[in-house]
Amino acid sequence: VSFTRPTLTTATRDLRISTPASMSTHVTISTSIGNIKIRLRDDKAPKHAEFMKALISRGLYNGCVFYRAEPNFVVQGGLRDLSGQQRDTGMTNPPLEYNLLNKRGTVTMARWEDPNSGAGEFFINLGDSPHLDKTSDSGWGLGFTVFGEVVEGMEV
């Protein structure tokens, strides 16, 4: 398996938000190698889902890249453009929400050791990652919030 560096192109159609009859929010990420459709879990991580919808609506992901790919672990993207420049959201980061496990195909908010540092960087789990779930009450052991799941395009 080889990984290429897909980009999120700049046209406004590249990150689309739709709400089908099921009332779940879906986001489509258009990359240079195909589309990834994500169901935001408004029911289990409502603060993160709202945060992501706000960033998408403001166009902050347009022109950004997936910049980290680790086979059988994660593909990570977020608010960095092709030059590596990080975009500022100007928003308060959402608090951790622990209602879903880091399983293959889930979409998780990336963060640093500070539990309040999840600022729009996200990753798609390529395998089950129980070590990313809450295991203690401090630092990295606080885990990572799962806020979505890939419903189409996992092969991308």
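On a predicted model such as this, the values are computed, not experimentally measured, just so you know.

## Quick notes on unusual backbone geometry
In the Ramachandran plot, N72 falls in the positive-phi region, its phi being about 65 degrees despite a non-glycine side chain. For N72, the position within the fold is in the loop between β4 (64–70) and β5 (74–81). Residue N72 is classed as exposed on the basis of its relative accessible area, which comes to 67%.

## Section: empty space enclosed by the protein
Unfilled space is identified by rolling a water-sized probe across the atoms. Per the stated rule, a full pass over the model turns up 2 cavities of 30 Å³ or more. Here the second largest cavity defines a volume of roughly 50 Å³. Considering only residue class, the lining of the second largest cavity consists of 5 nonpolar, 3 polar and 1 charged.

## What to know about the environment of M154
Tracing the chain through its elements places M154 in the segment after β8 (146–152). By relative accessible area, M154 is classed as partly exposed at 22%. For the pair formed by M154 and K37, sequence separation is 117 residues and the distance between their alpha carbons is 8.5 Å. Beyond its immediate stretch of four places on either side in the chain, M154 contacts R104, G105, I124, N125 and L126.

## Side note on the nonpolar core
M52, F122 and F147 are the most contacted members of the largest nonpolar core, which has 23 residues in total. No other element matches the 5 residues that helix α1 (residues 46–57) contributes to this core. Once you skip the residues sitting within four places of it in the chain, M52 turns out to touch Y61, M109, G120, F122 and F147.

## Digging into the confidence of the model for the protein chain
Confidence in the prediction for the protein chain averages 85 pLDDT; 85% of positions are at 70 or higher. Within the protein chain, the element-level pLDDT minimum falls on strand β1 (residues 15–18), averaging 55, and the maximum on strand β6 (residues 106–109), averaging 97. This stretch, residues 1–13, has a pLDDT under 50; its non-local contacts, to residues over four places away or in other chains, come to 39 contacts.

## Regarding the pairing of strand β7 (residues 122–125)
What you see with β7 is no split at all: F122 and I124 on one side and F123 and N125 on the other are buried throughout. Relative to β7, β5 is paired through 4 bridges, and the arrangement is antiparallel. Across the sheet, residue G77 finds its bridge partner in β7, namely F122. For β6 and β7, the ladder comprises 3 bridges, and the chain directions are antiparallel. Each residue of the ladder has a partner; that of V107, found in β7, is I124.

About the thresholds
Residues numbered from 1 in each chain as written. Predicted model: local features only at pLDDT ≥ 70, side-chain atom pairs only at ≥ 80, totals over all residues. Heavy atoms only, no water. Helix = DSSP H or I, 4+ residues; strand = E, 2+ residues; numbered from the N terminus. Buried < 20%, exposed > 50% of the residue type's maximum accessible area, 1.4 Å probe, protein only. 1 Å grid on protein atoms, 1.4 Å probe; cavity = no way out; pocket = protein on both sides within 12 Å on 5 of 7 lines; lining within 4 Å. Points joined across faces, edges and corners; volume = space filled by probe spheres on them. Nonpolar A, V, L, I, M, F, W, Y, C, P; charged D, E, K, R; others polar. Contact = heavy atoms within 4.5 Å. Core = buried A, V, L, I, M, F, W, Y, C linked by side-chain atoms within 4.5 Å. pLDDT = per-residue confidence, 0-100. Pairing = 2+ DSSP bridges.

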